[in-house]
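Coordinates in review
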Amino acid sequence: TMNAADAQHGVVYGMPAEQYHLTPAMSNSALGALKRSPRHYWAEYLSPERPERDQTPAMFAGTLAHCAVLEADAMAARYIVVPEHAPRRPTAAQLAAKKPSIDSQAAMAWWSDFNAQASGRLIVTAEQYSTTRQQIAAVLAVPELAALLKDGRPEVSFFWMDPETGVHCKARADHVHRLADGRVILLDLKTTSDASPQQFGRSVWNFGYHRQDAWYSRGYELASGDQVAAFVFGVVTSDYPFIAVPYLLDDAAKAMGTQECRDLLATYAQCKAADYWPAYGTGVQLLSLPAWAK
């Protein structure tokens, strides 16, 4: 392990998420942008005009589930739950009204008091909290996931140099579980609408989770010197009936992920050296119909 100031190489426990995200290094998310095209990577990570990214409701729900399952102790410091009896939040029209009704005034007073109590914490509705509690129960009802979570470190940041390209790289594992023989199991929690093998298999391809498996597994080994015994996806559905499934990718999926990481790092190194970030090749492009059309 190392101190957080020297985030060049090694494993760091307890690094705040903001500090991890601000540490300049190639990440799996950045590789995902690069896979679309070098231009997309440039637009998202290098352009001075890049817009702030808004958090979608699905992203908020995912982050909440992560905190509840992986860092239960931090829940009270980060989130505050709206009680079920709370009045409806006043609309913009009600807030702007010259003479608000008695009910509106009461609701405004209640919410003003609640917002003061929240003091910077994120506000979670009673429904969102109920969902999260059921997700935790579903995850802990799976013996293999419960055993991994019972022991280990959450939110572990690690940094390494890619030996082939010399690119500085980073990743942040949801949970690192150490086995008796010194090897580790990396656990990644995913929320999804459908945890079936068919649908989650499609998500793995669409979101590049096979690449994430390879990136984290190899990166952790290079950063720590420890061997990664397995990369487990703890998948839990985002609505009723809440179902949790632990998945391991097969060798073919892992091999594709490894190859994709290697190819994308080589592309990145070339683009960076030339400071040239093309979208889809150069000049006039010849276009064919997709394979399924033929």
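Our subject is the structure listed above.
The structure contained in this document is the topic of the report that follows.

Procedures and definitions
Residues numbered from 1 in each chain as written. Predicted model: local features only at pLDDT ≥ 70, side-chain atom pairs only at ≥ 80, totals over all residues. Heavy atoms only, no water. Buried < 20%, exposed > 50% of the residue type's maximum accessible area, 1.4 Å probe, protein only. Helix = DSSP H or I, 4+ residues; strand = E, 2+ residues; numbered from the N terminus. Pairing = 2+ DSSP bridges. Core = buried A, V, L, I, M, F, W, Y, C linked by side-chain atoms within 4.5 Å. Contact = heavy atoms within 4.5 Å. Salt bridge = Lys/Arg side-chain N within 4 Å of Asp/Glu carboxyl O.

For the rest of this paragraph, the subject is the pairing of strand β6 (residues 184-192). Taken across its nine residues, β6 has eight buried, putting it largely inside the fold. In terms of strand pairing, strand β5 (residues 168-178) meets β6 through four bridges, oriented antiparallel. Each residue of the ladder has a partner; that of valine 176, found in β6, is leucine 186. Hairpin geometry of β5 and β6 is characterised by an intervening segment of five residues between the two adjacent antiparallel strands and by a positive phi of about 95° at glycine 182. In this structure, β6 lies alongside strand β7 (residues 228-237), joined through nine bridges in parallel fashion. Note that in β7 the partner of leucine 187 across the bridge is valine 232.

Attention now moves to the pairing of strand β4 (residues 153-161). Looking at chain direction, strand β1 (residues 10-12) and β4 are connected through three bridges and run antiparallel. Across the sheet, valine 12 pairs through a bridge with serine 157, a residue of β4. Relative to β5, β4 runs antiparallel, the two sharing eight bridges. Note that in β5 the partner of proline 154 across the bridge is histidine 175. Joining the antiparallel neighbours β4 and β5 is a turn of six residues, in which glycine 166 adopts a positive phi near 75°.

By size, the foremost hydrophobic cluster in this structure holds 40 residues, and its most contacted members are Met26, Phe158, Leu186 and Trp215. Setting aside chain neighbours within four positions, we find methionine 26 in contact with Leu31, Tyr41, Val167, His168, Cys169, Lys170, Trp215, Leu265 and Tyr268. Leu148, Leu149, Leu187 and Val236 belong to the second largest nonpolar core, which has 15 residues in total.

So, about the pattern of salt bridges. Within this structure, the stated rule accounts for 10 salt bridges. Taking the shortest distance from any N to any O, the salt bridge between arginine 211 and glutamate 260 comes out at 2.9 Å. Of this pair, arginine 211 sits in helix α11 (residues 209-224) while glutamate 260 sits in helix α12 (residues 251-274), and the two are 49 residues apart along the sequence. Given the relative accessible area of 12%, glutamate 260 is considered buried. When salt bridges with common partners are traced through the structure, they connect Asp162, Glu164, Arg218 and Arg262 into a single cluster.

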